[in-house]
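These are the residues of each chain, in order.
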Amino acid sequence: MSRVLLASRNAKKLVELERILAAEQVAGIEVVGLDSVPPFPEAPETGATFEENALAKARDAVAATGLPAIADDSGLAVDALNGMPGVLSARWSGGHGDDAANLRLVLGQLGDVPEERRGGAFVCAAALVLPSGAEVVVRGEWRGQLVREPRGDNGFGYDPIFVPEGGTRTSAELDPAEKDELSHRGRALRMLVPHLTTALA
Ligand SMILES: O=P(O)(O)OP(=O)(O)OP(=O)(O)OC[C@H]1O[C@@H](n2cnc3c(O)ncnc32)[C@H](O)[C@@H]1O
Ligand SMILES: [Mg+2]
């Protein structure tokens, strides 16, 4: 059994990462969170791309623990805001991880932008880094529309204002399994699974 570290300090994101991997039933691995390893300092996420940040988080985790690590860097890219908040999604309103304030700020910035220009995408770069130094990073995207009023209690972050393409409910109104099936994170992690299997099983 190989232990694999999921290097995220966002509890709700971590739940999704664990759930998606559990559904894939990868044989021979035991997934653990950062609470199972001694604390180590968190490097600031200063990369210009989701991929750079995901790799940096996974590399830090491997360097500190010696375990293979998976990290996710993700966010919302809004067309009418030229792809922002993008890599700044977690701290868009200033403080880190204030989901309600971040979402309110994006809604305010979009203002009266009409339906046809309220498109955007959730993006997730997922990185797997091994103690040998081997690395792989993949990207999943999930397109949708930004609504004017938040709806739903599931998920986290910008889920209450994002209606996935082809649907009518926000991603905060989807059941967890429905979100995982479609989401940027589900897509990225499922792309990573064959690499995980090859590297560790
Ligand atoms: O870096 P870690 O420790 O993993 O945790 P974090 O919350 O800082 O994570 P990110 O740096 O990747 O920032 C992602 C932000 O993008 C938003 N986001 C990412 N995935 C999302 C999702 O599935 N639904 C809603 N918002 C999401 C949300 O605001 C997150 O805080
Ligand atoms: Mg972060």
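The name given to the protein in an unreviewed UniProt entry is dITP/XTP pyrophosphatase, with Kutzneria albida DSM 43870 as the source organism. Looking at the Sequence similarities (unreviewed entry) heading of the UniProt record, one finds this comment for the protein: "Belongs to the HAM1 NTPase family." Listed in UniProt under the heading Subunit (unreviewed entry), the comment for the protein reads: "Homodimer."

Participant: Looking at this structure, I do not really get the environment of Ala127. What am I missing?
Facilitator: Topologically, Ala127 is positioned in strand 4 (residues 119–129). Under the relative-accessibility criterion, Ala127 is labelled buried at 0%. For the pair Ala127 and Asn53, spaced 74 residues apart in sequence, the C-alpha to C-alpha distance is 9.1 Å. Apart from the residues lying within four places of it in its own chain, the contact partners of Ala127 are Ala54, Leu55, Ala58, Ala69, Ile70, Ala71, Val136, Val137 and Leu192.

Participant: How do you make sense of the site of ligand 1 when you look at a structure like this?
Facilitator: Every one of the 21 residues lining ligand 1 counts as a neighbour, but Ser8, Lys13, Glu45, Lys57 and Lys179 are closest to it. Within the backbone of Ser74, an N or O atom sits 3.0 Å from an oxygen atom of ligand 1. Against a free-state accessible area of 610 Å², the protein chains account for coverage of 97% of ligand 1. In a pocket analysis with a 2 Å cut-off to the grid points, ligand 1 is assigned to the largest pocket. In terms of residues, the shell around ligand 1 owes the most to one element, strand 3 (residues 69–78), which gives 4 residues. Taken together, the residues of the shell around ligand 1 break down into 4 nonpolar, 8 polar and 9 charged.

Participant: Looking at this model, I keep getting lost on the layout of surface pockets. Mind explaining?
Facilitator: Remark: the empty space left among the atoms is shown by a probe the size of a water molecule rolled over them. Roughly 710 Å³ of internal volume is contained in the largest pocket. Lining the largest pocket are 40 residues, with Asn10, Lys13, Lys57, Ala90 and His96 sitting closest to its centre. Secondary-structure elements contributing two or more residues to the lining of the largest pocket are helix 2 (50–65), strand 3, helix 3 (99–110) and helix 5 (184–200).

Participant: Sorry if this is basic, but what is going on with the nonpolar core here?
Facilitator: One broad rule of soluble globular proteins: the nonpolar side chains tend to lie buried together. In this structure, Leu21, Ile70, Leu128, Leu189, Leu192 and Leu196 are the most contacted members of the largest nonpolar core, which totals 21 residues. For this core, the elements supplying multiple residues, two or more each, are strand 1 (2–6), helix 1 (11–24), strand 4, strand 5 (135–146) and helix 5. When residues in this core are grouped by element, the largest group, 6 residues, is from helix 5. Those residues within four positions of Leu192 in sequence are excluded, and the remaining contacts are Ile70, Ala126, Ala127, Leu128, Val136 and Val138. With 19 residues, the next largest nonpolar core counts Leu34, Ala61, Ala71 and Val123 among its residues.

What counts and how
Each chain carries its own residue numbering, running from 1 in the written order of its sequence. Here every chain gets a letter starting at A, and every ligand a number starting at 1, in the order they are written. In keeping with the model being predicted, local features are shown solely for residues with a pLDDT of at least 70 and side-chain atom pairs are shown and tallied solely at 80 or more, while totals for entire chains, interfaces and linings include all residues. The basis for every side-chain value is the complete set of non-hydrogen atoms in the structure, without hydrogens or water. UniProt positions are given in the numbering used here, feature names are shortened, and annotations may be inferred rather than shown by experiment. Only DSSP runs of H or I with at least four residues qualify as helices, and only runs of E with at least two residues qualify as strands; both kinds are numbered from the N terminus onward. The buried label goes to any residue with under 20% of its type's maximum accessible area, the exposed label to any with over 50%, and the partly exposed label to all in between, with areas taken from a 1.4 Å probe on protein chains only. The contact criterion used is simple: two residues touch if any of their non-hydrogen atoms lie within 4.5 Å. Think of it this way: one heavy atom of a residue within 4 Å of a molecule or strand is enough to make that residue near it. Counted as a polar contact is a pair of N or O atoms within 3.5 Å, where, for protein atoms, one must be capable of donating a hydrogen and the other of accepting one, and residues adjacent in sequence contribute only when both atoms are in side chains. For every accessible area listed, the method is Shrake-Rupley and the probe measures 1.4 Å; residues are considered covered only by the protein chains on display. In this analysis the probe radius is 1.4 Å and the grid spacing 1 Å, with only protein atoms considered; a cavity is a set of points the probe fits into but cannot get out of, a pocket is an open set with protein on both sides within 12 Å along at least five of seven lines, and lining residues have an atom within 4 Å of a point. Put plainly, a molecule is in a cavity or pocket when over half of its atoms are within 2 Å of the grid points there. Classification used: nonpolar for Ala, Val, Leu, Ile, Met, Phe, Trp, Tyr, Cys and Pro, charged for Asp, Glu, Lys and Arg, polar for all others including Gly. Grid points are joined across faces, edges and corners, and a volume is the space filled by probe spheres set on the points. As used here, the term nonpolar core means buried Ala, Val, Leu, Ile, Met, Phe, Trp, Tyr and Cys residues forming a set that is joined through side-chain atoms within 4.5 Å.

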